[in-house]
Amino acid sequence: MKRFNLTGLCIPEKHYMVDLSKKVEQIIRDYIEQGSYFTINRARQFGKTTLLSSLQRNLSDRYLVIRLSFEGVDGNNFDNNTSFVNMFQKNVAKRLIQIQADQKLIDAWNEAPKKNLIVSDKAFDILGDKITGLCSHVGKGVVLLIDEVDQCSDNQVFLNFLGMLRNKYLDMQEQLDTSFQSVILAGVYDVKNLKLKLLPGAEKKYNSPWNIAADFRVDMSFSVDEIAQMLEEYSADTDTRMDTHRIAEKIYFYTSGYPFLVSWLCKWMDENIRGEWSVENVTDAEKELLKNDNTLFDDIIKNIENNHELRKAVTGILFDGLQIPFVRSDSIIHLGIMFGMFSEQDGMVVISNVVFETLLYNHIIAGKILEKYHSDIAPTQSKIPDKRPV
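So, how was this worked out
Residues numbered from 1 in each chain as written. Predicted model: local features only at pLDDT ≥ 70, side-chain atom pairs only at ≥ 80, totals over all residues. Heavy atoms only, no water. Helix = DSSP H or I, 4+ residues; strand = E, 2+ residues; numbered from the N terminus. Expected span 1.5 Å × (residues − 1). Buried < 20%, exposed > 50% of the residue type's maximum accessible area, 1.4 Å probe, protein only. Contact = heavy atoms within 4.5 Å. Phe/Tyr/Trp six-rings, centres within 6.5 Å; stacked < 30°, edge-to-face > 60°. Lys NZ or Arg CZ within 6 Å of the ring centre and 35° of its normal. Core = buried A, V, L, I, M, F, W, Y, C linked by side-chain atoms within 4.5 Å. 1 Å grid on protein atoms, 1.4 Å probe; cavity = no way out; pocket = protein on both sides within 12 Å on 5 of 7 lines; lining within 4 Å. Points joined across faces, edges and corners; volume = space filled by probe spheres on them. Nonpolar A, V, L, I, M, F, W, Y, C, P; charged D, E, K, R; others polar. Pairing = 2+ DSSP bridges. Axes fitted to C-alpha atoms, helices over the stretch in contact; angles between N-to-C directions.

Caption draft 1: Fine view of helix α5 (residues 123-137). Over its 15 residues, α5 extends 22 Å from the first C-alpha to the last, a length consistent with the 21 Å expected when each residue adds 1.5 Å. All buried positions along α5 are accounted for by Ala123, Phe124, Ile126, Leu127, Gly128, Lys130, Ile131, Leu134 and Cys135. Lining the buried residues of α5 we find β2 (64-69), α3 (81-98), α4 (103-110), β3 (142-147) and α6 (156-173). With its phi angle positive at about 90°, Gly139 sits one or two positions after the end of α5.

Now the structure itself:
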């Protein structure tokens, strides 16, 4: 039997999940078939990995799809150009074997370069030649998907890699080279606007060669209708009675379609409600969600605690009715959007959903109460009397 999944990749055959086919078709039509290079930058647990998996499934008949992830990659691989290129070559070779690519193609990719030693300043030239050979002989377009690019996105070697891809892309536009049909990078941070500190003590600056990338505007949140469709499948499988559209509306009210939050509420009701789901059950689930720790909440709190200006903006919106125009060019607003905390309503910045609004409000209030309590205690009052027998 299927279940609601909160961790890792969601698989249609194993998990109850929203139908992503329309979003996937839009990405293929508007981006990949147009030959775009782009970044899917969304907040934690927003379904990026699941979307990449769905893209791979839908593209495999028309393209050679190479899907990689930088999650868990040894940081030593980003020490210099040579170590990065060696890591990239090995991972591509492994993926070609997994997707059962033609053996001649695998052998050609694995063929050692003419020089016995790949010197650092030539490593990306050699990799670029390998990519040209791969894309020239495969017989169809090649799409490169890389997940978890945040693991290395502030690293100069990674920027060198992006620079190589950019140069090949520009040459391809003038029919001077052959390269990937499309490159998709997935992570939280927008790789087009990396804040990179190149040298110890140097001022941080924006320095990304990924300015060729198209803006990714596909809405990855779940709509009421998409949630209702998922609930209809669940209801039919489990004989659970519910007004699917009303339940979906209530789930959306609390979550604004944030994928992890939607799945959490559904999972709690699946495990705790028998027979029939009601709107009141969704409210109960939301209360339980706010009592529980999870990695998404940890990230939300960490992000406001680590950024004083972001915390001030959140506090102003929640407690003072602060009206901030929604402009992505402002660095604090941009951060809030990337972290999934901010969204737009009537041209103004708002907290993106009721769950986050309540979580942040409670966290800040609790901190203020404890801060006041500690500041009001005189040193003589703070001493606990010794009640041990003489």
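Here the narrative resumes, following the displayed structure.
Caption draft 2: How the structure looks around the packing of aromatic side chains. The final tally for this structure, using the stated rule, is 24 aromatic pairs. Their ring planes at 45° and their centres at 5.3 Å tell us that Phe4 and Tyr234 sit as a pair that is tilted. Within this pair, whereas Phe4 is found in the segment before α1 (21-32), its partner Tyr234 is found in helix α7 (residues 224-238), the two being separated by 230 residues in sequence. With respect to burial, Phe4 and Tyr234 carry one shared label: buried. The side chain of Lys130 reaches across the aromatic face of Trp109, ending 5.6 Å from its centre.

Caption draft 3: Region of the structure containing helix α9 (residues 259-272). For α9, spanning 14 residues, the distance from its first C-alpha to its last is 20 Å, which sits close to the expected 20 Å at 1.5 Å a residue. Among the 14 residues in α9, ten count as buried, and that is most of the element. Taken together, the buried positions of α9 are Pro259, Phe260, Leu261, Val262, Ser263, Trp264, Leu265, Cys266, Trp268 and Met269.

Caption draft 4: Local environment of the nonpolar core. Ile32, Ile251 and Phe342 are the most contacted members of the largest nonpolar core, which totals 82 residues. No other element matches the eight residues that α9 contributes to this core. Leave out the neighbours within four places in its chain, and Ile32 touches Ile27, Phe38, Leu55, Leu59, Tyr63, Val143, Gln181, Ser182 and Ile184. In this structure, Ala123, Phe124, Leu159 and Met164 belong to the second largest nonpolar core, which totals 44 residues.

Caption draft 5: Layout of the layout of surface pockets. Volume-wise, the second largest pocket comes out at about 630 Å³. What lines the second largest pocket is a set of 32 residues, among which Gly8, Gln45, Phe46, Gly47 and Lys48 lie closest to the centre. At four residues, helix α2 (residues 48-59) tops the list of elements feeding residues into the lining of the second largest pocket. For the lining of the second largest pocket, a count of residues per class yields 16 nonpolar, nine polar and seven charged.

Caption draft 6: Examining the side chain of Gln56 more closely. Relative to the helices and strands, Gln56 is located in helix α2. Setting aside anything within four residues of it in sequence, one finds Gln56 in contact with Val65, Arg67, Ile99 and Leu145.

Caption draft 7: Representation of the sheet that holds β3. Spatial ordering of the open sheet is given by β1-β4-β3-β2, a layout of four strands whose pairing is parallel. Two strands in the sheet have a free side with no partner beyond their single neighbour: β1 (37-41) and β2. Within this sheet the neighbouring strands show an average axis-to-axis angle of 15°, counted without direction. Inspection of the sheet shows β2 paired to β3 by six bridges, in the parallel sense.

Caption draft 8: View of the pairing of β1. With respect to burial, β1 is a largely interior element, five of its five residues being buried. In the sheet, β1 pairs with strand β4 (residues 182-187) via five bridges, with the strands oriented parallel. In the strand pairing of β4, Asn41 is matched with Gly187.

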